[in-house]
Amino acid sequence: MDPSHGFVGHVPAPSTASHGSRVVNPMEWELDRGLKLRMGVALALVVALPIAFVYAFVFAANTIGVELLQWATERPWNGEFYANPLVVVGAVAVGFAAQFAFGTAVALRAVDARRVDSESHPDLVGRVERLAQVADAPAPDVAVSRSDVPNGFAVGARPSQATIVVTRGLLDTLDDDELDAVLAHELAHVKNRDVAVMSLSYFLPSLTYLVAMAAYAVLKGMFYVVGGLEDVDGDGAKGVLVAIVVLTVSAIVTLAISVAFWLASYLLFRVLSQYREYAADRGAAAITGDPTALASALRTVDDEMSEAPDSDLREIDGGLEALYVAPVDTYQFGEDRDLLSSDLFPSTHPDTTDRIERLQAMAGERP
């Protein structure tokens, strides 16, 4: 199914709404089957992969780990490492609960965003409330990041608890119709409920990334320890050597498992993240009735970010790559840019040019 045509909201006849919006009949707003299927697969992977990650380490401990212990202690090792399934499932459930409870706060903190209200930002909050009414969706909270880089995203465990975040740069850069289009894009994510799936999906890649970085730090430290072995003699040198071998092998195995599961989590994101952007683009067109406004907004954001200094990009580079309306990655700006987002979640968005062309095609199909 072509994701640019499989979405969601069938746009009914035009009706009165400010800024050229068209009212979307909520009875006609149906999740396209492709997005629904991908969300189901992603949810299954979200639950299964962290549990498999734990048991991969248990397996490694009972094979490579036992061999290492026998070699290091020079005696048989008859024990076996064991992880109680109920404890593992409980720990994963706690992790997901924490993601639900604190995920939004962590995301806001990562981009230095603060919630705003109708007193401090009446125009912005009014736009979100009006567009939410058009889409027949709960009006999300609104937060503004002080970053000058134009971008935005939606986060939240469920539609009634969603928050739309925009940067100060986005508010300063886009015109009224473009801003409405970006806000409508994020509302479409909320309406489609893919925001909750993507929020949960951060658990595994973030965990594997941290574990891999810790293993890499241990490996790096071993090189310094090996360089100092010449100052150790006799039994002390032998003990240090054994410790180095054990730690190095353990770190390599840990790194290998973490990378393998990071790749699995990457596939998880590819299953959902690119497709959901096409769906939200079509949703924005359905809400605003103007696909060209979002096309123009994406082009503007793309151009502005490509010219932004690295220091400005890092202000919004908190590992939230998959959530942004437009990608913040090294593939767009050059391989010399070192960003956390592209390390954690490469290629989370379709090519921006392709999205613009699809939106322009939608405009050409309209009477």
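Everything here concerns the structure above.
Small disclaimer: the values here were computed from a predicted structure and weren't measured.

Q: Even after reading the chapter, I still don't get the nonpolar core, so can you show me in this structure?
A: A general tendency of soluble globular proteins is for nonpolar side chains to be buried together. Counting residues in each nonpolar core, the largest one holds 79 residues, and the members touching the most others are Phe153, Leu183 and Leu320. With 12 residues, the top contributor of residues to this core is helix α8 (residues 234-288). With residues up to four places along the chain from it excluded, the contact list for Leu183 reads Leu124, Arg127, Val128, Leu131, Ile164 and Val166.

Q: Quick question: what am I supposed to make of the pairing of strand β4 (residues 163-167) here?
A: Along any regular strand the residues' side chains alternate between the sheet's two faces. Along β4, 5 of the 5 residues are buried, which leaves the element largely enclosed by surrounding structure. Strand direction decides the pairing type here: strand β2 (residues 141-145) and β4, joined by 5 bridges, are parallel. Note that in β4 the partner of Val144 across the bridge is Val166. With 4 bridges joining them, strand β3 (residues 152-155) and β4 adopt antiparallel strand pairing. Among the inter-strand pairings, Gly152 is bridged to a residue of β4, identified as Val166.

Q: How should I be thinking about the packing of helix α1 (residues 33-73) against helix α2 (residues 85-110) in this particular structure?
A: In a pair of packed helices, the angle between the axes and the distance between the axes together describe the arrangement. Across the interface, α1 lies against α2 with an axial gap of 10 Å and an inter-helix angle of 130°. Looking at the two axes, α1 sits oblique to α2. In the packing of α1 onto α2, the handedness of the crossing is right-handed. For the pair α1 and α2, contact is made by Val46, Val47, Pro50, Ile51, Val54 and Tyr55 and by Pro85, Val88, Val89, Val92 and Phe96, respectively. Taken together, the residues that form the contact of α1 with α2 break down as 11 nonpolar, no polar and no charged.

Rules of the game
- Residues numbered from 1 in each chain as written.
- Predicted model: local features only at pLDDT ≥ 70, side-chain atom pairs only at ≥ 80, totals over all residues.
- Heavy atoms only, no water.
- Core = buried A, V, L, I, M, F, W, Y, C linked by side-chain atoms within 4.5 Å.
- Buried < 20%, exposed > 50% of the residue type's maximum accessible area, 1.4 Å probe, protein only.
- Helix = DSSP H or I, 4+ residues; strand = E, 2+ residues; numbered from the N terminus.
- Contact = heavy atoms within 4.5 Å.
- Pairing = 2+ DSSP bridges.
- Axes fitted to C-alpha atoms, helices over the stretch in contact; angles between N-to-C directions.
- Parallel < 35°, antiparallel > 145°, perpendicular 65-115°, else oblique.
- Left-handed = near helix turned anticlockwise from the far one by under 90°.
- Nonpolar A, V, L, I, M, F, W, Y, C, P; charged D, E, K, R; others polar.

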